[in-house]
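What the coordinates show
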Amino acid sequence: MLAEFKTELNDSEITDIDNYCRSVDYFALEQSIGFAEIIYKSGINYFLLKDENRILSFCQIFESFKAAHIWYGPVCNEREHVLITIDEIIRYYKKRGFWYLGVQMYLKAGSDCDFIEYKLNSRHRIRYVFDNSNTKASLELDLSQTIEGLFREFRKGHKSDIKKAISSGIVVEESNNEKIEAFAHIYRKMCNARSIRGHTASEVVNIIEYLKARNQGELLVAQTPEGEVIGGSVFVYQGISVRYLLSASDPDKRDLPMTHLVLYRAIEAAREAGFRYFDFWGYNHFAKKDDQIYKVNSFKKGFGGYYTFFAKKMNINLIPGGYNIYRLFVVMKKLWGKFPKRRRLML
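Here's a quick rundown of the structure. (Residues numbered from 1 in each chain as written. Predicted model: local features only at pLDDT ≥ 70, side-chain atom pairs only at ≥ 80, totals over all residues. Heavy atoms only, no water.)

Remark: helix α3 (residues 79-95) packs on helix α4 (residues 111-121), axes separated minimally by 10 Å, with the N-to-C direction vectors making an angle of 35 degrees. Where α3 crosses over α4, the handedness of that crossing is right-handed. Mapping the contact onto sequence places Arg 79, Glu 80, Val 82, Leu 83, Ile 86 and Asp 87 in α3 and Ser 111, Asp 112, Phe 115, Ile 116, Lys 119 and Leu 120 in α4. (Axes fitted to C-alpha atoms, helices over the stretch in contact; angles between N-to-C directions. Helix = DSSP H or I, 4+ residues; strand = E, 2+ residues; numbered from the N terminus. Left-handed = near helix turned anticlockwise from the far one by under 90°. Contact = heavy atoms within 4.5 Å.)

For the rest of this paragraph, the subject is the sheet that holds strand β12 (residues 277-279). Strand order in the open sheet formed by 7 strands is β8-β9-β10-β11-β12-β7-β13, with mixed pairing between adjacent strands. Only two strands of the sheet have a single partner each, and these edge strands are β8 (171-174) and β13 (306-309). Mean inter-strand twist for the sheet, computed between neighbouring axes without regard to direction, equals 30 degrees. Relative to strand β9 (residues 217-223), β8 is paired through 4 bridges, and the arrangement is antiparallel. From the neighbouring strand, Val 171 faces β9, where its bridge partner is Gln 223. Packed onto the sheet, helix α7 (residues 177-194) meets β8, β9, β10 (229-238) and β11 (241-249) and runs at close to 65 degrees relative to β11. (Pairing = 2+ DSSP bridges.)

For the rest of this paragraph, the subject is helix α1 (residues 11-23). Along an α-helix, a turn takes 3.6 residues, which lines up residues three or four apart on a common side. An ideal rise of 1.5 Å per residue puts 18 Å on 13 residues; α1 measures up with 19 Å between its terminal C-alpha atoms. Taken together, the buried positions of α1 are occupied by Glu 13, Ile 17, Asp 18, Tyr 20 and Cys 21. Considered in projection along α1, the buried side chains sweep an arc of 165 degrees and stay on one side of the axis. The outward face of α1, more than 90 degrees from its buried face, is lined by the exposed residues Asp 11 and Ser 23. On the buried face of α1, the contacting elements are β1 (2-6), β2 (43-51) and β3 (54-64). Of the residues flanking the start of α1, the one acting as N-cap is Asn 10, its side-chain oxygen 3.1 Å from the backbone nitrogen of Ser 12. (Expected span 1.5 Å × (residues − 1). Buried < 20%, exposed > 50% of the residue type's maximum accessible area, 1.4 Å probe, protein only. Arc of directions from axis to C-beta. Polar contact = N/O pair within 3.5 Å; in protein donor to acceptor, adjacent residues only side chain to side chain.)

Attention shifts here to the layout of surface pockets. Space inside the second largest pocket adds up to approximately 300 Å³. In this structure, the second largest pocket is lined by 15 residues; those nearest its centre are Tyr 26, Cys 76, Asn 77, Tyr 106 and Leu 107. Only α3 and α4 provide two or more residues apiece to the lining of the second largest pocket. Its residues assigned to classes, the lining of the second largest pocket comprises 8 nonpolar, 2 polar and 5 charged. (1 Å grid on protein atoms, 1.4 Å probe; cavity = no way out; pocket = protein on both sides within 12 Å on 5 of 7 lines; lining within 4 Å. Points joined across faces, edges and corners; volume = space filled by probe spheres on them. Nonpolar A, V, L, I, M, F, W, Y, C, P; charged D, E, K, R; others polar.)

A word on the packing of aromatic side chains. Centre-to-centre distance and the angle between the planes together describe a pair of aromatic rings. Taken as a whole and assessed by the stated rule, the structure comprises 29 aromatic pairs. Between the aromatic rings of Phe 154 and Phe 303, the centroid separation amounts to 5.2 Å while the plane-to-plane angle is 80 degrees, which identifies the pairing as edge-to-face. Highlighted residues: Phe 154 in the loop between α5 (147-152) and α6 (156-167) and Phe 303 in the loop between α10 (292-301) and β13, separated in sequence by 149 residues. Relative accessible area serves as the criterion here: at 4%, Phe 154 is assigned to the buried category. Classification of Phe 303 by relative accessible area gives buried; the value is 0%. Among the aromatic residues, ring-to-ring pairing joins Phe 151, Phe 154, Phe 235, Tyr 244, Tyr 264, Phe 278, Phe 280, Phe 299 and Phe 303 into one connected group. The ring of Tyr 277 is capped by Lys 108, whose NZ or CZ atom sits 4.0 Å from the centre of that ring. When the ring centre of Tyr 128 is taken as origin, the NZ or CZ atom of Lys 312, which lies over that ring, is 5.5 Å away. (Phe/Tyr/Trp six-rings, centres within 6.5 Å; stacked < 30°, edge-to-face > 60°. Lys NZ or Arg CZ within 6 Å of the ring centre and 35° of its normal.)

Okay, here's the thing in structure tokens:
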């Protein structure tokens, strides 16, 4: 086996990696080449584990000064290859003098996850933190059920809202360029009304266009009978799952439960397309009742399903106390950013 680190990829390598990633069961958007550049500013290193010319494992590693992160990777089906991948990455960043490596695997809790964690903890200094940033959970629907069976598990209020949206004449359709722009406008309008930072309108447009160009996802929009876009949701194809990425609804039309109908149509479409799971992607078990995210949790739970838990984030010390040094660096960076630019220059 050959382990390779690259800071750039040629067209042939990108094609091979894309084909490999589409062949595995679990492939998160965060590991899709080119996606991170839409919303993040970070150095990227690419890792490949190969057996001759066959890719066995791949991941993007995001670098910031002396810290590195792997978000929902590595992309790999075999647990032994996951172990080799992470061991090689740890060895590489130790040689480069990095302090810390954070690894959030896209792997559900279970026997494979336990095996990987046991092996890695036996030879590396790993720290776990139990909060929402380090302990990821989600809500999932098993699409092997009939659509009638899935609908029966919806909360009574959700069923009523879906029927109300249909009786109101709301139509759900795939988007075109004009509708993407309209959705992005509604998204920002919603964020401003709720005092949510969110993405910029251009980021939303770029995310949707990126997914559509790669046949890796879609935007479903809700429209009035007159054709006015009043909301919608973005969905991502991730291996055997469809992921609910983001949504928006016109705050001036809160009486219309358009998002309920959009999600119902997305669940129908995912099942018909042969996907195994519909993943609501993100359920914050640490949210308090007065938090906005608590309401989001409740909305998602109204569609039934069951909780899933990902592997706990591994905070790996590459030097003694590396994780604590990294945390101190993050705090200092945030404090530095609060100083006006002129004041920073004086300091």
